[in-house]
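Take a look at the letters that make up each chain.
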Amino acid sequence: MPFSHDMVHSLATVVDLINTSPAAGTGEGLGSVEDLRAFVRRHVISGVEDLGADDLSDVRALRDAFHEVFVAPDRDTAVSLLNTMLGRTRITPSLAEHDGFSLHVHYFAPGASLAEHLAADCGVALAHVLVEDERERLRTCAAPDCSHVFVDESRNRSRVYCDSRTCGNRMHVAAYRARRRA
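Residues numbered from 1 in each chain as written. Predicted model: local features only at pLDDT ≥ 70, side-chain atom pairs only at ≥ 80, totals over all residues. Heavy atoms only, no water.

**Q** Tell me about the overall build of the chain, and please be specific about residues and values.
**A** When you go through the chain residue by residue, the secondary structure sums to six helices and four strands. When its helices and strands are written in sequence order, the chain yields α-α-α-α-β-β-α-β-β-α. If you line up the chain on its principal axes, its C-alpha atoms span 60 × 35 × 35 Å. Relative to its full complement of 182 residues, the chain shows a buried share of 40%. Partitioning the contacts of the chain with sequence separation of at least 6, the portion at a separation of at least 24 is 52%. Carbon and sulfur atoms make up 51% of the accessible area of the chain, which totals about 9900 Å². (Helix = DSSP H or I, 4+ residues; strand = E, 2+ residues; numbered from the N terminus. Buried < 20%, exposed > 50% of the residue type's maximum accessible area, 1.4 Å probe, protein only. Contact = heavy atoms within 4.5 Å. Areas by Shrake-Rupley, 256 points an atom, 1.4 Å probe, with all protein chains shown as cover.)

Structure representation (structure tokens):
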């Protein structure tokens, strides 16, 4: 499945958002409003004004809802969870060109909160993955000590680690050492 720039950006954003959760095994990545501001800057999220404690709380709740979609036991559950999330979101598609990005679609309504913005843009990206029957691309790292999620964008759907330089390398070295001992 070829991913457009919009999809790649939104999917990377939702993956990074989920991986800020203590459930990902790395502690709370959104511990403060300043952490949330850094997240917004890192992902070049436009149209976001002042952020406060309510935004932080709302984004953490959204993060948990997105995580449920990734780890849903089957397609129907993932669809139901995503439909519930999207049903609570004001979606107003519009074309935008900003921050050096070519023309793309924004799905959030004007004046939307950060949580609504993320729910709309990232939710629609996940919806496209499900519509294309590519749910198996939404994965959790296969390393036994890692709970990070990722989207497998490989052509043959063969990626199993969230990061080949860390988890993948660590697991390959462990397998090599185990073979050498045998």
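From this point, the discussion proceeds with the structure in view.
**Q** So what's going on with the nonpolar core? Residues and values would help.
**A** Counting residues in hydrophobic clusters, the biggest one holds 38 residues, and the most contacted among them are Leu11, Phe66, Phe70, Leu118 and Leu126. Among the elements of the structure, helix H1 (5–18), helix H2 (33–42), helix H3 (53–70), helix H4 (75–87), helix H5 (114–131) and strand S4 (149–151) are those that each provide at least two residues to this core. Here this core gets 10 residues from one element, more than from any other, and that element is H5. If near-sequence neighbours (up to four positions away) are discounted, Leu126 is found in contact with Leu11, Val14, Phe66, Val69, Phe70, Leu82 and Leu138. Judged by nonpolar contacts, the second largest core, of seven residues, contains Cys141, Ala143, Tyr161 and Cys167. (Core = buried A, V, L, I, M, F, W, Y, C linked by side-chain atoms within 4.5 Å.)

**Q** Could you give me a rundown of unusual backbone geometry, with the residues and numbers involved?
**A** A positive phi angle, near 45 degrees, is found at Val44, a position not held by glycine. Within the fold, Val44 resides in the loop between H2 and H3. The backbone of Arg157 shows a phi angle near 55 degrees, a positive value even though the residue is not glycine. With respect to the helices, strands and loops of the structure, Arg157 is situated in the loop between S4 and helix H6 (164–181).

**Q** Which residues make up the pattern of salt bridges, and what are the values?
**A** Inspection of every chain in the model, using the stated rule, returns 12 salt bridges. Across the pair Glu28 and Arg63 runs a salt bridge, and its minimum N-O distance is 2.7 Å. Here Arg63 lies in helix H3 and Glu28 lies in the loop between H1 and H2, a separation of 35 residues in the sequence. Look at Glu28 and you get partly exposed, because its relative accessible area is 33%. Of the residues examined, Arg63 reaches a relative accessible area of 3% and is grouped as buried. Between Arg90 and Glu116 there is a salt bridge, with its nearest N and O atoms 3.0 Å apart. (Salt bridge = Lys/Arg side-chain N within 4 Å of Asp/Glu carboxyl O.)

**Q** I'd love a proper account of the packing of H1 against H3, names of residues and values included.
**A** Two numbers describe a pair of packed helices, the interaxial angle and the distance between the axes. Contact pair H1 / H3: the axes reach a minimum separation of 9 Å and the direction vectors enclose 105 degrees. It follows from the interaxial angle that H1 and H3 lie roughly perpendicular. In this structure, H1 contributes Val14, Val15, Leu17 and Ile18 to the contact, and H3 contributes Val59, Arg63, Phe66, His67 and Phe70. When the residues that make up the contact of H1 with H3 are grouped by side-chain class, the tally is seven nonpolar, one polar and one charged. (Axes fitted to C-alpha atoms, helices over the stretch in contact; angles between N-to-C directions. Parallel < 35°, antiparallel > 145°, perpendicular 65-115°, else oblique. Nonpolar A, V, L, I, M, F, W, Y, C, P; charged D, E, K, R; others polar.)

**Q** Please give an account of the side chain of Ser21 that cites residues and values.
**A** Inspection of the secondary structure puts Ser21 in the loop between H1 and H2. Among the polar contacts made by the side chain of Ser21, one reaches the main-chain amide nitrogen of Ala23 at a distance of 3.0 Å. Residues in contact with Ser21, not counting those within four places in the same chain, are Thr26, Gly27, Arg63 and Asp64. (Polar contact = N/O pair within 3.5 Å; in protein donor to acceptor, adjacent residues only side chain to side chain.)

**Q** Just give me the short version of the confidence of the model for the chain, but keep the residues and values in it.
**A** Taken residue by residue, the chain gives an average pLDDT of 89. The fraction at 70 or more is 96%. By mean pLDDT, H6 is the weakest element of the chain at 72, and H3 is the strongest at 97. (pLDDT = per-residue confidence, 0-100.)

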